[in-house]
Amino acid sequence: MAGVKLSHVYKEFDKGNFAVSDFSLETGEHEFVVLVGPSGCGKSTTLRMIAGLEDITAGEIYIDGKLVNDMEPKNRDIAMVFQNYALYPHMTVFDNIALSLQIRHVPKDIIRERVMAVAETLGISQYLNRKPRALSGGQRQRVALGRAIVRQPKIFLLDEPLSNLDAKLRNQMRTEIIKLFHALGTTFIYVTHDQVEAMTMATKIVVMSDGLVQQIGSPREIYHHPSNVFTAGFMGSPQMNFFERCPLERKDGQYTLTFLGTRFLLPQEKQQQLSQKNVQSGEVIVGVRPEDIRLATQEDDDKVSALLEVSEMLGNEVLLHMRKAQESFIIRVPEFEDARFSQVGVAETTLELAIALSKIHLFDAETRVNLI
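Residues numbered from 1 in each chain as written. Predicted model: local features only at pLDDT ≥ 70, side-chain atom pairs only at ≥ 80, totals over all residues. Heavy atoms only, no water.

**Considering the nonpolar core**
Argument step 1. Core analysis: the biggest nonpolar cluster contains 47 residues, and L145 and I177 have the highest contact counts within it.
Argument step 2. Excluding residues that lie within four positions of it along the chain, L145 makes contacts with V81, L122, L158, M173, I177 and L180.
Argument step 3. Residues F264, L266, L274 and L371 belong to the second largest nonpolar core, which totals 32 residues. (Core = buried A, V, L, I, M, F, W, Y, C linked by side-chain atoms within 4.5 Å. Buried < 20%, exposed > 50% of the residue type's maximum accessible area, 1.4 Å probe, protein only. Contact = heavy atoms within 4.5 Å.)

Rendered as C-alpha cells:
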C-alpha cells in the first residue's frame, strides 16, 4: 500500500494566473480522499498533477515516499478513471480491461485470470464480449473501473467518475466504489463538485476554492466544525443559513447575540469557547444549519416568529422557507410534525421557531473565519 504527499504545490497557467496555490496534503496508506469544490477551483488540476498529466510550477509530489515531480505517468504506479470513461469503442469489454496488461506483455493466462476476477467483482462478467456502445452508462463506468483495478496500482485517481450518470445510478455506483475501496485496501483520491458524494464516500475531505485549500478533515469535522463561511456554506444540503453582521456583546463576562430580531444569551459551552478565544464585542456572521431550527413548543424560551413563504415536501421531511424582516432562511422539520406542511406550497403562515443555540456557528464579519 502507498500514500501520497503534496508539499506546497503550485500550478500557474498564465503569468500570475494560478489554478492551484500552496496545496499541501498527506494521505495515509488506506484512505479515501475526496477533493471537493465548485467548478474551476483547481481540484481536477491537482489530480492531474498527481497523475503526471500536468507539470507542476513549484512544490513537490511524493508517491509511496518517492519524489515523482519528473517521473513519467506510466512509471508512477497509479490508475486514473475519467469522467467520460475513455473506453475504446472498437474493442470488447474484455480487451478494454486487459489492454494495460497486454501492453506490459503480461502472460495471457494471467491476463485472463485477472480480467475474469475483476469482472466478477464488478458484476460485468456477462458483458465481456460486448462493445462499449452496447452498454449502459453504469456498465461503461464499471468497465472503466475494471481497467484501473486490473493493473493493481498503488493509487487510484478518480476524476468525477459519476457525473454523467442519473441520480439513481450515481447512488448505486457510490456504494460500489466504497465497497471496492475496502476490498482493495489501497488509496483512492477522488474529485467531485458534489458535496453529497464527498460526505458519503470520504475518510478525508479537502475543500477547495479558487485554487486554495479551505479545510482538510473528516466528513464529521468538515460538517460540524467548518473553518470558514465558504466551507460551512458549501458542505450541507440545503446549505447553512447565514445572518450577516449580527451584534455580539460581551458584558460582565457574559456574551449575548442578536439576530432575527431577538437578543439571545448564549449557552454555557459557547460562553466558554468565546471566552477562551478572548473574543470581544463586535459584529459577527451567524451560521445555523436548517436542522438546528425547529418549531417551538410552549416550553421554549426565546422564540422567534417568522413568516412561512414556501414549503417543500421531501417524503419524511419538509423544508420550510421562512422570512423575518429582510432575512430569508430555511428550516428542516420532520414530515409528521405538522400535517399542514405536507401540502404543496403552504405559505403565508406565521410560525414560532426555536433555535439550537448550542449548535450555531459564529464567523468573523471581516475575515469570515470561524471564531470558535
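**Description of helix α9 (residues 268-276)**
Argument step 1. Taken together, the buried positions of α9 are K270, Q271 and L274. Down the axis of α9, the buried side of the element spans an arc of 105 degrees, and every buried residue falls inside it. Residues of α9 that are exposed and point over 90 degrees away from its buried face: Q268 and Q276.
Argument step 2. In this structure, the buried side of α9 is in contact with β11 (241-251), β12 (254-259), β13 (262-265) and β20 (361-364).
Argument step 3. In the segment just after α9, N278 is the residue with positive phi, at about 55 degrees. (Helix = DSSP H or I, 4+ residues; strand = E, 2+ residues; numbered from the N terminus. Arc of directions from axis to C-beta.)

**A few points about the packing of aromatic side chains**
Argument step 1. Applying the stated criterion across every chain yields a total of eleven aromatic pairs.
Argument step 2. The interplanar angle of 70 degrees and the centroid separation of 5.9 Å between the aromatic rings of Y10 and F18 together place this pair among those described as edge-to-face.
Argument step 3. For Y10, a relative accessible area of 28% corresponds to the partly exposed category.
Argument step 4. Relative to F264, the ring of F259 has its centre 5.1 Å away and its plane inclined at 40 degrees; by these criteria the two rings are tilted. As far as the burial class goes, F259 and F264 line up, both buried.
Argument step 5. An aromatic cluster is present here, built from F32, F156, F181, F188 and Y190 joined pairwise through their rings.
Argument step 6. A cation sits over an aromatic face here: K5 above Y62, 5.8 Å from the ring centre.
Argument step 7. One cation-aromatic arrangement involves R289 over Y223; the distance from NZ or CZ to the ring centre is 3.9 Å. (Phe/Tyr/Trp six-rings, centres within 6.5 Å; stacked < 30°, edge-to-face > 60°. Lys NZ or Arg CZ within 6 Å of the ring centre and 35° of its normal.)

**A short note on unusual backbone geometry**
Argument step 1. Along the chain, S237 connects to P238 via a cis peptide bond; the corresponding omega equals -5 degrees.
Argument step 2. Structurally, P238 is set in the loop between α8 (229-234) and β11.
Argument step 3. Even without being glycine, D77 reaches a positive phi, approximately 55 degrees.
Argument step 4. Along the polypeptide, D77 turns up in the loop between β5 (66-67) and β6 (78-81).
Argument step 5. Residue D77 is classed as partly exposed on the basis of its relative accessible area of 28%.
Argument step 6. Within the chain, N278 stands out as a residue other than glycine whose phi angle is a positive 55 degrees.

**Some thoughts on the sheet that holds strand β18 (residues 327-334)**
Argument step 1. The strand order β15-β19-β16-β17-β18 describes an open sheet built from five strands, whose pairing is antiparallel. The sheet is open, and its two edges are formed by β15 (293-295) and β18, each paired on a single side. In this sheet, adjacent strand axes meet at a mean angle of 50 degrees when their direction is disregarded.
Argument step 2. Where β15 lies against strand β19 (residues 349-355), three bridges are found, and the strand directions are antiparallel. If you follow L295 over to β19, its bridge partner there is L353. (Pairing = 2+ DSSP bridges. Axes fitted to C-alpha atoms, helices over the stretch in contact; angles between N-to-C directions.)

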